[in-house]
Amino acid sequence: MYVLGIETSCDETGVAIYHDQFGLMGHCLYSQVDMHSEYGGVVPELASRDHIRKLVPLIKQVLQESYLKSNDMGGIAYTAGPGLMGALLVGASTARSLAWAWQIPAIAVHHMEGHLLAPMLEKNPPEMPFVALLISGGHTLLIQVENIGSYRLLGESLDDAVGEAFDKTAKMLGLGYPGGAKLSSLAKQGQPKHKFPRPMTDRPGLDFSFSGLKTFALNTINASENTEQDKADIAAAFQNAVADTLSIKCKRALQQSGLKKLVVAGGVSANQHIRATLTEMANKEQVAIHFPRLEFCTDNGAMIAYAGCQRLLLGQQQDLEIFARPRWPINDTLTAS
Ligand SMILES: Nc1ncnc2c1ncn2[C@@H]1O[C@H](COP(=O)(O)OP(=O)(O)OP(=O)(O)O)[C@@H](O)[C@H]1O
Ligand SMILES: [Mg+2]
């Protein structure tokens with residue numbers, strides 16, 4: 001079955017086609033980042049309008065590049081939440097309308113389920129069950145994954161998401177928006193001289209807190225002479241603290257669950273230092289570790305096509321409603337079917 005996947009939850013329009021046996025047939029992505037960077041963050045109304053402009057041409061492009069036609073499609077998967085309401089509605093209403101016109105089922109996909117399953121698109125996909133660490137612009141989640149749709153939340157951030165902390169710290173260092181990847185490049189030139197805390201690691205539990213690290217970064221910046229080297233040193237110390245904190249909590253989750261597989265996904269999983277720190281921990285613990293390829297760490301249509309295909313194969317689908325939820329807990333995804 002060929003499944004068309006549509007992602008429009010935030011500032012990226014992503015479209016892909018996945019086949020349950022042949023794998024990923026094609027995918028394309030349009031990022032709005034240049035448009036929003038002028039404003040220092042995502043402007044929701046502009047995001048929605050741009051999705052309207054880009055979505056249909058991208059669907060045509062993916063069909064053409066995959067040498068497929070609309071009547072080859074067996075289903076349409078769309079991101080139904082969490083995300084920006086207007087942006088979600090563009091994807092949901094387009095997907096729902098096309099599914100109706102093409103007489104095929106539509107399935108609403110949870111955006112974080114998409115991120116969670118992105119490593120399944122790689123050559124040696126992990127078998128379930130596993131522990132998943134999802135680190136993105138809006139979420140920091142530790143999840144025990146038993147099966148498609150069976151997700152137990154083990155821990156989450158009580159305040160800022162990791163990506164948000166990266167972006168805010170990058171802004172303080174004058175790196176622009178979105179700053180996660182820029183902070184990471186700057187950190188390569190620095191030494192982690194400053195001793196940043198490893199938040200919430202000195203007490204039991206699997207929750208996170210990253211807003212204190214951001215404040216610690218601000219105080220360190222204010223106390224420095226703010227030279228390029230100072231900025232690089234602060235970036236390196238911040239990044240080290242994030243990586244160590246994530247590693248300590250993942251190790252704890254693996255030990256508590258007794259599972260021997262760790263999946264790391266979401267935009268921040270593109271960070272090379274975080275990948276290296278988590279891989280070192282996993283090797284020590286004799287745990288297999290899986291990441292998506294770099295282009296599927298951030299938002300994309302491929303992960304939505306994959307997740308939707310798995311759910312359609314389980315016989316799930318949406319009725320004729322346009323389903324969109326700006327807030328949607330991941331352990332509630334079964335209600336979408
Ligand atoms: N190399 C990197 N190092 C650190 N952070 C990074 C890197 N590359 C991307 N990021 C961060 O990843 C985030 C974007 O990831 P993603 O697209 O998954 O998030 P989102 O879709 O905005 O949020 P969510 O998925 O929670 O709704 C941004 O915060 C960005 O700064
Ligand atoms: Mg995302």
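What you are looking at is a predicted structure, and each value in this text was computed from that prediction instead of being measured.

Participant: Honestly, the overall build of the protein in this entry has me stumped. Any pointers?
Facilitator: Within the protein, the secondary structure is distributed over ten helices and ten strands. Computed over C-alpha atoms, the radius of gyration of the protein comes to 20 Å, within 12% of the 20 Å expected from 2.2 N^0.38 for 337 residues, which places it in the range of a compact globule. Each principal axis of the C-alpha atoms in the protein carries an extent, and together these give about 60 × 45 × 30 Å. Across the protein, contacts joining residues at least 24 apart in sequence account for 72% of those joining residues at least 6 apart. Approximately 14,300 Å² of the protein is accessible, and the part contributed by carbon and sulfur atoms is 51%. If you average the places of the 29 positive and of the 33 negative side-chain charges in the protein, the two averages end up 3 Å apart.

Participant: Help me understand the coordination of the magnesium ion (ligand 2) in this model?
Facilitator: Four donors placed tetrahedrally around a metal ideally meet at 109.5 degrees, and six donors placed octahedrally ideally meet at 90 or 180 degrees. Around the magnesium ion (ligand 2), the protein contributes the donor atoms His111 (NE2), His115 (NE2) and Asp299 (OD), at 2.0 to 2.2 Å from the metal centre. Summarised as a motif, the one-chain spacing of the donors to the magnesium ion (ligand 2) is H-x3-H-x183-D. Here histidine 111 pairs with histidine 115, and both are found in helix H4 (residues 111-117), just four residues apart, close to one helical turn. Looking at histidine 115, the relative accessible area reads 1%, which means it is buried.

Participant: What is the right way to look at the site of ligand 1 in this model?
Facilitator: What surrounds ligand 1 is a group of 21 residues, the closest being Ser136, Gly138, His139, Asp167 and Asp299. In the environment of ligand 1, an oxygen atom lies 3.0 Å from a nitrogen or oxygen atom belonging to the backbone of glycine 267. At 3.0 Å from a nitrogen atom of ligand 1 is found a side-chain nitrogen or oxygen belonging to asparagine 271. For ligand 1, the accessible surface in isolation is 640 Å², of which the surrounding protein chains cover 86%. Considered class by class, the residues forming the shell around ligand 1 number six nonpolar, 13 polar and two charged.

Participant: What is the right way to read helix H9 (residues 272-285) from this model?
Facilitator: Taking 1.5 Å per residue as the helical rise, H9 with its 14 residues ought to reach 20 Å, and the 20 Å between its terminal C-alpha atoms agrees with that figure. Within the sequence span of H9, burial applies to Ile274, Arg275, Thr277, Leu278, Met281 and Ala282. On an axial view of H9, the arc spanned by its buried residues comes to 170°, and they lie on one face. The outward face of H9, more than 90 degrees from its buried face, is lined by the exposed residues Asn283 and Lys284.

Participant: What is the right way to look at the environment of glutamine 103 in this model?
Facilitator: Note that glutamine 103 resides in the loop between helix H3 (85-102) and strand E5 (106-110). Residue glutamine 103 is classed as exposed on the basis of its relative accessible area of 67%. As for glutamine 103 and leucine 153, which are separated by 50 residues in sequence, their C-alpha atoms are 36 Å apart.

Participant: Even after reading the chapter, I still don't get the packing of aromatic side chains, so can you show me in this structure?
Facilitator: Applying the stated rule across the entire model yields six aromatic pairs. Ring centres 6.4 Å apart and planes at 55° place the aromatic pair tyrosine 2 and phenylalanine 22 in the tilted group. Residue tyrosine 2 is found in strand E1 (residues 2-7), and its partner phenylalanine 22 is found in the loop between strand E2 (12-19) and strand E3 (23-31); the two are separated by 20 residues along the sequence. Residue classification places tyrosine 2 among the buried residues on the basis of a relative accessible area of 17%. For phenylalanine 22, a relative accessible area of 54% translates into the label exposed. Note that lysine 249 overlies the ring of phenylalanine 208, its terminal NZ or CZ placed 5.9 Å from the centroid.

Participant: Before we go on, may I ask you to explain the domain arrangement of the protein in this structure?
Facilitator: Put simply, an interface is often sized by how much accessible area is lost when its parts join up. For the protein, the assigned domains are domain 1 (2-116 + 296-336) and domain 2 (127-291). One C-alpha centre belongs to domain 1, the other to domain 2; they are set 27 Å apart. Taken together, the contacts link 21 residues of domain 1 with 22 residues of domain 2. Here domain 1 and domain 2 share an interface that buries about 1,700 Å² over both sides, 73% of which is from carbon and sulfur atoms. Together, Met112, Leu116 and Cys297 form the three largest contributors to the area buried by domain 1 at its contact with domain 2, with a combined 37%. Put simply, domain 1 and domain 2 have three residue pairs in polar contact (both at pLDDT 80 or more) between them.

Participant: Is there a simple way to think about unusual backbone geometry in this case?
Facilitator: Outside of glycine, negative phi angles account for most residues, and trans bonds account for most peptide bonds. Cis peptide bonds are those with omega within 30 degrees of zero, and the linkage from glycine 81 to proline 82 qualifies with -15°. Its location among the elements puts proline 82 in the loop between strand E4 (73-81) and H3. The omega angle of the peptide bond from tyrosine 177 to proline 178 is -15°, so this bond is cis rather than trans. In this structure, proline 178 sits in the loop between helix H5 (162-172) and helix H6 (180-187). Of note in this structure, tyrosine 67 is not a glycine but carries a positive phi near 55°.

Participant: Is there a simple way to think about the environment of glycine 75 in this case?
Facilitator: Tracing the chain through its elements places glycine 75 in strand E4. Judged by relative accessible area, glycine 75 falls into the buried class, the value being 0%. Here the alpha-carbon distance between glycine 75 and tryptophan 102, two residues 27 residues apart in the chain, equals 9.1 Å. Excluding anything up to four places from it in sequence, glycine 75 contacts Tyr2, Val3, Leu4, Ile104, Pro105 and Leu312.

Conventions and cut-offs
Residues numbered from 1 in each chain as written. Chains lettered and ligands numbered in written order. Predicted model: local features only at pLDDT ≥ 70, side-chain atom pairs only at ≥ 80, totals over all residues. Heavy atoms only, no water. Helix = DSSP H or I, 4+ residues; strand = E, 2+ residues; numbered from the N terminus. Rg over C-alpha atoms; globule rule 2.2 N^0.38 Å. Contact = heavy atoms within 4.5 Å. Areas by Shrake-Rupley, 256 points an atom, 1.4 Å probe, with all protein chains shown as cover. Lys, Arg positive; Asp, Glu negative; His and termini not counted. Charge placed at Lys NZ, Arg CZ, Asp CG, Glu CD. Donors = N, O, S within 2.8 Å, 3.2 Å for Na, K, Ca; no water. Buried < 20%, exposed > 50% of the residue type's maximum accessible area, 1.4 Å probe, protein only. Near = heavy atom within 4 Å. Polar contact = N/O pair within 3.5 Å; in protein donor to acceptor, adjacent residues only side chain to side chain. Nonpolar A, V, L, I, M, F, W, Y, C, P; charged D, E, K, R; others polar. Expected span 1.5 Å × (residues − 1). Arc of directions from axis to C-beta. Phe/Tyr/Trp six-rings, centres within 6.5 Å; stacked < 30°, edge-to-face > 60°. Lys NZ or Arg CZ within 6 Å of the ring centre and 35° of its normal. Domains from an automatic or database assignment. Buried area = accessible area lost by both parts, 1.4 Å probe.

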